[in-house]
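Reading the structure
Residue strings, one per chain:
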Amino acid sequence: MSAVVFGFPGCEELAGALVGPLGASRGELVLHRFPDEENYVRLATPVDGHAVVLACGLDRAERKLLPLVFAAAAARELGAVSVGIVAPYLGYLRQDARFREGEAITSATFAKVLSEFSDWLVTVDPHLHRYRGLEEIYALRASVVRAAPAMARWIRDNVPQPVIVGPDAESEQWAAEIARRVNAPCVMLEKTRRGDRDVEVSVPRIESLGSRTAVLVDDIISSGRTMIAAVRQLLRSGARAPVCVGVHAIFAGDAHDALAASGAARIVTCNTIAHPTNAIDLNGAIAAAVEEMVGEPVAAAGSG
Ligand code: R5P
């Protein structure tokens, strides 16, 4: 049983990178948006008897989710043996609780929709805060690719004498692992977020930077305000211009320009969302995870 890989907009390169390791063929996907903004989706490559791999990043998910669901449903109806989603960035994970009465727990509902239409999911460093794992909300086989090894390699090769800095408590999982891998000290900052673009960061132990270059690491750069506040605070504390390394390059609105203007020496991201700052390639690691998923019979595996 061979696989057919379909690449959604923004994931064409990833789809190409999956074909070789999987011994798969590249599927032709036809997407069209009608004037009324409804979606037309066609799998122009036969999928009957094949494992179907849909490579579709889920940032800006409101535009991408419906075409993805339509494609997954069509693949099943047309005889695919299994249907899997490769979403290097998996959106809608941040609302993981009802903080105020009446709020929608969007992470859970989003997970239900994807789980309904696919057998497995491969993603990179999902933003898990209160959830211990994707299996808490996703009812499918899920595999998580960790970006830390590749981020650590990049830092080792490009930043002499680094000190790894996490801008907030949630970034500690990346910062601590990367620091261990590059054998550098690790400093955690404290963040207070008052609004989407209103972020304050404090630097509690600046003396531990010494003459090293601060490398700020975080999973998501969205508004960029977390990184910007951290860069400014480090500079105010007398540190040299820090290097910013993120996993997922969302860069909403003016985020990239504002971060560049804040005094960062360099801004680097992984290629989970296509962006000019992509310098850390995770396609090989993603392909290895997809290979395992495609090779495993659907009925034999549990979620997790
Ligand atoms: C938050 O917990 C995440 O780890 C990131 O720090 C956050 O998503 C960054 O968002 P922004 O770029 O909008 O400050």
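All of these numbers come straight from a predicted model, not from anything done at the bench.

Before going further, it helps to spend a moment on the overall build of the protein. Of regular secondary structure, the protein possesses 8 helices and 16 strands. The C-alpha radius of gyration computed for the protein amounts to 20 Å, which stays within 12% of the reference 19 Å derived for 304 residues, consistent with globular compactness. Summarising its shape, the C-alpha atoms of the protein cover approximately 60 × 45 × 40 Å along the three principal directions. Here the protein, with 304 residues, has 52% of them falling under the buried criterion. Sequence separation of 24 or more characterises 64% of the internal contacts of the protein that already satisfy a separation of 6 or more.

Let us now look at the packing of helix 4 (residues 148–158) against helix 5 (residues 172–182). At a minimum axis distance of 9 Å, the contact between helix 4 and helix 5 shows a crossing angle of 50°. In terms of orientation, helix 4 lies oblique with respect to helix 5. Crossing handedness for the pair helix 4 and helix 5: right-handed. Taken together, the residues of helix 5 that come into contact with helix 4 (itself represented by Ala-148, Pro-149, Met-151, Ala-152, Ile-155 and Arg-156) are Glu-177, Ile-178, Arg-181 and Val-182. The class makeup of the residues in the contact of helix 4 with helix 5 is 7 nonpolar, no polar and 3 charged.

Turning our attention to the pairing of strand 14 (residues 243–249). Counting buried residues along strand 14, 7 of its 7 residues qualify, which places the element largely inside the surrounding structure. Note on the crossover from strand 13 (residues 213–221) through helix 6 (residues 225–236) to strand 14: the handedness is right-handed. Assessed by its sense of winding, the connection that carries the chain from strand 14 through helix 7 (residues 255–261) to strand 15 (residues 266–270) is right-handed.

Below, the discussion takes up the site of the ligand. Every one of the 15 residues lining the ligand counts as a neighbour, but Glu-170, Asp-218, Asp-219, Ser-223 and Thr-226 are closest to it. At a separation of 2.5 Å, an oxygen atom of the ligand approaches a polar side-chain atom of Glu-170. Contacts to the ligand include Ser-222, whose backbone N or O atom sits 2.8 Å from an oxygen atom. Going through the elements one at a time, strand 11 (190–195), strand 13 and helix 6 are the ones with two or more residues in the shell around the ligand. Here the element with the most residues in the shell around the ligand is strand 13; it accounts for 4 residues. Here the shell around the ligand is composed, by residue class, of 2 nonpolar, 5 polar and 8 charged.

The subject of this paragraph is the sheet that holds strand 8 (residues 141–145). Strand order in the open sheet formed by 6 strands is 2-1-5-6-7-8, with parallel pairing between adjacent strands. Single-partner strands in this sheet number two, and they are strand 2 (25–26) and strand 8. The pairing of strand 7 (residues 120–124) with strand 8 spans 5 bridges and is parallel. The residue of strand 8 that forms the bridge with Leu-121 is Ala-142.

Further remarks concern helix 3 (residues 106–117). Over its 12 residues, helix 3 extends 17 Å from the first C-alpha to the last, a length consistent with the 16 Å expected when each residue adds 1.5 Å. Taken together, the buried residues of helix 3 touch helix 2 (61–77) and strand 6 (82–87).

Conventions adopted
- Throughout, a residue's number is its position along its own chain's written sequence, starting from 1.
- A pLDDT threshold of at least 70 governs which residues receive local features in this predicted model, and a stricter bar of 80 or more applies before side-chain atom pairs are shown or counted, although totals over entire chains, interfaces and linings include all residues.
- Based on all heavy atoms of the structure, the side-chain values leave hydrogens and waters out of the count.
- Here a helix means four or more residues in a row that DSSP labels H or I, a strand means two or more in a row labelled E, and each is numbered from the N terminus.
- Atoms counted for the radius of gyration: C-alpha only. Globule rule: 2.2 Å times residue count to the power 0.38.
- Relative accessibility thresholds used throughout: buried, under 20% of the residue-type maximum; exposed, over 50%; partly exposed, between the two (1.4 Å probe, protein chains only).
- Only heavy atoms matter for contacts: two residues are in contact if any of them lie within 4.5 Å across the pair.
- The angle between two axes is taken between their N-to-C directions and runs from 0 to 180 degrees, where each axis is a line fitted to C-alpha atoms and a helix contributes only its stretch in contact.
- Any angle that falls under 35 degrees is termed roughly parallel, while one over 145 is termed roughly antiparallel, one within 65 to 115 roughly perpendicular, and all others oblique.
- Crossings are assigned a handedness: left-handed for a near helix turned anticlockwise from the far helix by less than a right angle, right-handed for a clockwise turn.
- Residues are sorted three ways: Asp, Glu, Lys and Arg are charged, Ala, Val, Leu, Ile, Met, Phe, Trp, Tyr, Cys and Pro are nonpolar, and all the rest, Gly among them, are polar.
- Handedness of a crossover is defined as follows: orient the strands so they point away from the viewer, and if the path from the first strand over the helix to the second runs clockwise, the crossover is right-handed.
- Working definition: residue near molecule or strand if any one of its non-hydrogen atoms lies within 4 Å of it.
- Throughout this description, a polar contact denotes any pair of N or O atoms lying within 3.5 Å of each other; where both atoms belong to protein, one of them has to be capable of donating a hydrogen while the other can accept it, and for residues adjacent in sequence the pair is counted only when both atoms sit in side chains.
- Strand pairing requires that DSSP identify at least two bridges connecting the strands.
- Any helix carries an expected span of 1.5 Å times its number of residues minus one.

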